[in-house]
Amino acid sequence: MHFSKIATVLAHALFVVPLTQAATWPNGPFHTSGRWILNNAGANVTYAGVNWPGAADTMIPEGLQYQSIATIVSKIKSLGMNVIRLTFAIEMIDDILDNGGDVLLKNAFTKVLGTTNGATVYNAVLKYNPQFNSTTTRLQVFDAIAAECFNQQIYVHLDNHMSRAEWCCSETDGNAWFGDTYFDIVKWKRGLQYMVRHGASWGSLMSVGMRNELRNPTSNSALSSKSYGWKDWYTNMVAAAATINTANPNVLIFFSGLNYDTDLSPIPTASSLGGGEAFRIANFAYQDKIVLELHNYQTSVTSCSSLESGLYQAGFDALSTTNSSIQNVIPVVMTEWGHSQDMTAYQSVYATCLHSYLPSQHAGWIVWVIAGSYYIRSGTQDYDETWGLLSHDWSTWRYSNGINNGLKPMIAATVSG
Ligand SMILES: *[C@@H]1O[C@H](CO)[C@@H](O)[C@H](O)[C@H]1NC(C)=O
Ligand SMILES: *[C@@H]1O[C@H](CO)[C@@H](O)[C@H](O)[C@H]1NC(C)=O
Ligand SMILES: *[C@@H]1O[C@H](CO)[C@@H](O)[C@H](O)[C@H]1NC(C)=O
């Protein structure tokens, strides 16, 4: 680099952001210290972001028939958010490793949407995203999103959402629990291993969620009674975490809980999990890579204090440094919450409570969902997502008043520490 160029870069950097940050974003890898997530420069990082689904039937991240990846990431950036939770299905990795390789975009769309609609959507994706072509595969779309996130300084949190790709979740969808009809434990760990290795070159990948919304496999009563509970949770989650840490020692590993990830209650207190096990953070060789994640969708709650105390008991107590019952002080991130994008929902106890509670706890969060629509959801093509931050064609905010007066202040309060 020429000296004059360095001088220009320096001058630029000094005016915009501190030089160390500008020069080395994302300042990875991240690690934890007690209840904080820290970057490699020792500063707190608190996630404030949005879910971007890519685990449904096509296994292609949503919205690209309406906007370019760069446009969508710019919209996320414009809110001041710092992370996306990018969901994927294990079935994509099974295809890559067992079924002849990753599927071309065109084939993925026509297989799921039919010949006519699939071709229409595929052509629209290429129109808005001309860097793609007839040789582009699904995983290359993930690569392109991660690259654009790197360009715009948005962290990527990968989330294994499903084994068999489709809209999530129910207790009877065969994806509910370890060993359920489509939830092959070996393939699950292999898929996680593949994705964290693959994502190591992205630069933007900072963390991974091992499994979205574990739940009671009620249609599989033998599995439900034999296995659903904390003992098998511990065995499987710890094994997967070890696999991830070996495959990519840099990423933070998010542990989700039971009952659709609404319950991690025995973890902070190191309570018995059955089978003589208890979760003790100090026993993990990679203890500074472990984060807890919870979801909450109590959208009709009528008392903020009861919502807060429920969250505390469910696992947010892991953030407490002053409660002697808390044996495991660990960061907690609410990786899903959300509501319809309208005035009533923004004014609800649920929304207003979380808008203040999560920043007040210095807790990270990721809202559901950026998608204004899905390629297909539960059999309906071009499904309108009334909870989407974006409008149906992903062009504008669905309810800009809520975005500006509800979400943006929450983002600012979160990322400012
Ligand atoms: C992280 O933020 C908290 C709350 O603002 C603060 O007390 C703590 O010192 C910060 N840690 C670092 C390393 O900046
Ligand atoms: C086709 O797309 C792939 C992945 O998106 C890219 O790597 C490749 O360079 C593109 N090929 C051409 C000829 O543009
Ligand atoms: C300490 O944590 C335990 C477990 O969550 C909880 O039951 C108790 O109420 C907490 N104590 C205080 C003073 O918050």
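The protein appears in an unreviewed UniProt entry as Glycoside hydrolase family 5 protein from Glonium stellatum.

(A) Geometry of the UniProt feature "domain: Glycoside hydrolase family" (unreviewed entry) in the protein. In the numbering adopted here, UniProt assigns the feature "domain: Glycoside hydrolase family" (unreviewed entry) to residues 50-370. Taken end to end, residues 50-370 is 39% helix and 15% strand, and its first and last C-alpha atoms sit 6 Å apart.

(B) Focus on the sheet that holds strand S7 (residues 252-255). With parallel pairing, 8 strands are arranged side by side around a closed barrel as S3-S4-S5-S6-S7-S10-S11-S12. Taking each pair of neighbouring strands and ignoring which way they run, the sheet shows an average axis angle of 25 degrees. With 3 bridges connecting them, S7 and strand S10 (residues 290-295) associate as parallel partners. Bridged to Phe-254 within S10 is Val-291. Where helix H7 (residues 138-151) meets the sheet, it contacts strand S3 (48-52), strand S4 (83-89) and strand S5 (155-162), and its direction lies at approximately 170 degrees from that of S4.

(C) View of the side chain of Gln-341. Looking at the element boundaries, Gln-341 is found in the loop between strand S11 (332-336) and helix H13 (343-346). Taking the relative accessible area as the measure of exposure, Gln-341 reaches 7% and is therefore buried. Beyond its immediate sequence surroundings of up to four residues, Gln-341 is in contact with Tyr-346, Thr-386, Trp-387, Gly-388, Leu-389, Arg-398, Tyr-399 and Ile-403.

(D) Molecular detail of the state of the cysteines. Overall, the coordinates contain 2 disulfides when judged by the stated rule. At a sulfur-sulfur separation of 1.6 Å, the disulfide partner of Cys-168 is Cys-169. Residues Cys-168 and Cys-169 are joined by a disulfide whose S-S torsion is about 85 degrees; by sign, that bridge is right-handed. Between the sulfur of Cys-304 and that of Cys-353 lies a disulfide, 2.0 Å long from S to S. Classification of the bridge connecting Cys-304 and Cys-353 rests on its S-S torsion, roughly 75 degrees, and on that basis the disulfide is right-handed. Of the two residues, Cys-304 sits in helix H12 (residues 304-314) while Cys-353 sits in helix H14 (residues 349-360), which places them 49 residues apart along the sequence. The partly exposed category is assigned to Cys-304, whose relative accessible area is 26%. What links to what in the protein: the bonded cysteines, counted in sequence order, pair as 1-2, 3-4.

Quick notes on the rules
Residues numbered from 1 in each chain as written. Chains lettered and ligands numbered in written order. Predicted model: local features only at pLDDT ≥ 70, side-chain atom pairs only at ≥ 80, totals over all residues. Heavy atoms only, no water. UniProt positions renumbered as here; feature names shortened; annotations may be inferred. Helix = DSSP H or I, 4+ residues; strand = E, 2+ residues; numbered from the N terminus. Pairing = 2+ DSSP bridges. Axes fitted to C-alpha atoms, helices over the stretch in contact; angles between N-to-C directions. Contact = heavy atoms within 4.5 Å. Buried < 20%, exposed > 50% of the residue type's maximum accessible area, 1.4 Å probe, protein only. Disulfide = S-S within 2.5 Å.

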